[in-house]
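Single-letter residue listing:
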Amino acid sequence: MLLDVRITDFDDLRLQVTQDEVNAYKARTTPELDDITDYLSGRDSLLDADAIAARLFAVEKADVFLSHAHRDHDAVVALAVTLEKLGLKVFVDACVWGDVYALLLKVDQARAAIPLQPGLFDYTRTTRNAANMYMILSVALQRMIDQSELLLFLDSKAVRVQDYVEGEAYIGSPWIFAELMFAQMVARRPRVTGIGTENLSEVFAKDDSRATAPMVRYRLPESSYTMPAATLNRLISNATFAATLSRRFNLPSSGHDFLDRVYQALPLRAAERELLGWSEDAK
């Protein structure tokens, strides 16, 4: 990863994306759930961690990793659609997470069901199944952050929980907390051209009716930089206009043009400019 940025007031971001485009993106990026036997291997039929990670996180390289709350799913998909139009590949794990819980249920049905008691499961086995599944996913998420260029944390009202200490900010998602903490520890890498965009969102189910309320509050980790949603919106509008002109006059352009606009709006440090391949004269 090269850089992480917190987008403040994400609720205020307004993009020109239709609901049909949002729905089409979800349908295209939601992996189909395979039979549980596809993830079992060996004489003891153990779950294959690599097979699960490869199926749920098929895209390994990333330009942009979007970290967000489940309730912002449609708004984040709209942003993903917009970034795709600018030449960036986008992956939304909100679609993946619904598949994860469906897969976990199949694992419990195969390995934790209590005989002759339909719908009842052994507590110890189910907690171990969940712990193993979440460990697999946590490692996959960290790998995707490490291989991305930019992490955007989309900070909104849905992310936060009630502040009980004046001046302190808290979030309710363990996954967002883990993503942001890892983003502060991962090594910074120089830009690698020719890769796409990654969109990761945190979600507990495929629909709001099954989503769970936060059970723990986490102190909001710091981000390297912050950017108001209004600034992001302006950069998207400018990049969209520039991309339209490029297509009309057959001029070269890429998704990195938009990322460069984002970086130019930030007070980058010398080391970060060097990772981008920018000289001090290019300020």
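What you see is a predicted model, and the numbers here were worked out from it, not measured in a lab.

Student: Break down the pattern of salt bridges for me, citing the residues and quoting the values.
Tutor: Applying the stated criterion across every chain, the model contains ten salt bridges. For Arg189, the salt bridge identified is with Asp146, shortest N-O distance 2.7 Å. Placement of the pair is Arg189 in the loop between helix H6 (174-185) and strand S8 (218-219) and Asp146 in helix H5 (residues 123-147), with a sequence separation of 43 residues. Note on Asp146: relative accessible area 18%, which makes it buried. The residue Arg160 makes a salt bridge to Asp155 at a minimum N-O spacing of 2.6 Å. Shared partners join several salt bridges into a network, and the residues in it are Arg6, Asp155 and Arg160.

Student: Run through the sheet that holds strand S4 (residues 64-67), naming residues and quoting values.
Tutor: The strand order S4-S5-S1-S9 describes an open sheet built from four strands, whose pairing is parallel. Looking along the sheet, the strands with just one partner apiece sit at the ends: S4 and strand S9 (225-228). Looking at each pair of strands side by side, their axes are set apart by 25 degrees on average, direction ignored.

Student: Tell me what's going on with the sheet that holds strand S7 (residues 170-171), and back it up with residues and numbers.
Tutor: Reading across the sheet, the three strands line up as S6-S7-S8 and stay open at both edges, with antiparallel pairing between neighbours. Looking along the sheet, the strands with just one partner apiece sit at the ends: strand S6 (160-161) and S8.

Student: Now, about the side chain of Thr82: what can you tell me, with residues and values included?
Tutor: Here Thr82 shows up in helix H3 (residues 73-85). Residues contacting Thr82, with those up to four places away along its chain left out, are Leu15, Val17 and Ile236.

Student: I'd like a description of helix H1 (residues 19-29), backed by residues and values.
Tutor: If you check which residues of H1 are buried, you get Val22, Tyr25 and Thr29. The buried residues of H1 occupy an angular sector of 65 degrees when the element is viewed end-on, so they sit on one face. Facing away from the buried side of H1, by more than 90 degrees, are the exposed residues Asp20, Ala27 and Arg28.

Student: Residue-level account of the environment of Asp12, with values.
Tutor: Note on placement: Asp12 falls in the loop between strand S1 (3-8) and H1. According to the relative accessible area criterion, Asp12 is exposed, its value standing at 53%.

Student: Pulling in residues and values, what's your account of the packing of aromatic side chains?
Tutor: Scanning the entire structure with this criterion turns up three aromatic pairs. For the ring pair Tyr134 and Trp175, a centre distance of 5.8 Å and an interplane angle of 80 degrees mean the geometry is edge-to-face. In this pair, Tyr134 is assigned in helix H5 and Trp175 in helix H6, connecting sequence segments 41 residues apart. Judged by relative accessible area, Trp175 falls into the buried class, the value being 11%.

Student: I'd like a rundown of unusual backbone geometry, residues and numbers included.
Tutor: In most cases, non-glycine residues show a negative phi, while peptide bonds are predominantly trans. The phi dihedral of Asp9 is positive, around 55 degrees, even though this residue is not glycine. In this structure, Asp9 sits in the loop between S1 and H1. Positive phi is not limited to glycine here, since Leu116 has a value of about 65 degrees. Along the chain, Leu116 falls in the loop between helix H4 (93-111) and H5.

Student: Report on the nonpolar core, specifying residues and quantitative values.
Tutor: Nonpolar side chains in soluble globular proteins tend to be buried together. Counting 40 residues, the largest nonpolar core has Leu3, Val5, Leu150, Phe258 and Tyr263 as the members making the most contacts within it. Counting residues per element, this core draws most heavily on H3, at seven residues. Residues within four places of Leu150 in sequence aside, it is in contact with Leu3, Asp4, Val5, Asp63, Val64, Phe65, Leu259, Val262 and Tyr263. Core analysis: the second largest hydrophobic core is formed by 34 residues, Met1, Leu141, Leu151 and Val159 among them.

Student: Would you mind going over the confidence of the model for the protein in detail, with residue names and values included?
Tutor: On average, residues of the protein score 83 in pLDDT, and 80% of them reach the 70 mark or higher. At the low end of the mean pLDDT range in the protein sits strand S2 (residues 40-41), at 66; at the high end sits S9, at 98. Predicted confidence for residues 194-210 stays below pLDDT 50, and this span has 81 contacts to residues more than four positions away or in other chains.

Student: Which residues make up the side chain of Ser246, and what values go with them?
Tutor: Within the secondary structure, Ser246 is located in helix H7 (residues 229-248). Excluding its chain neighbours within four sequence positions, the residues that come into contact with Ser246 are Leu251, Pro252 and Ser253.

What counts, and at which threshold
Residues numbered from 1 in each chain as written. Predicted model: local features only at pLDDT ≥ 70, side-chain atom pairs only at ≥ 80, totals over all residues. Heavy atoms only, no water. Salt bridge = Lys/Arg side-chain N within 4 Å of Asp/Glu carboxyl O. Helix = DSSP H or I, 4+ residues; strand = E, 2+ residues; numbered from the N terminus. Buried < 20%, exposed > 50% of the residue type's maximum accessible area, 1.4 Å probe, protein only. Pairing = 2+ DSSP bridges. Axes fitted to C-alpha atoms, helices over the stretch in contact; angles between N-to-C directions. Contact = heavy atoms within 4.5 Å. Arc of directions from axis to C-beta. Phe/Tyr/Trp six-rings, centres within 6.5 Å; stacked < 30°, edge-to-face > 60°. Core = buried A, V, L, I, M, F, W, Y, C linked by side-chain atoms within 4.5 Å. pLDDT = per-residue confidence, 0-100.

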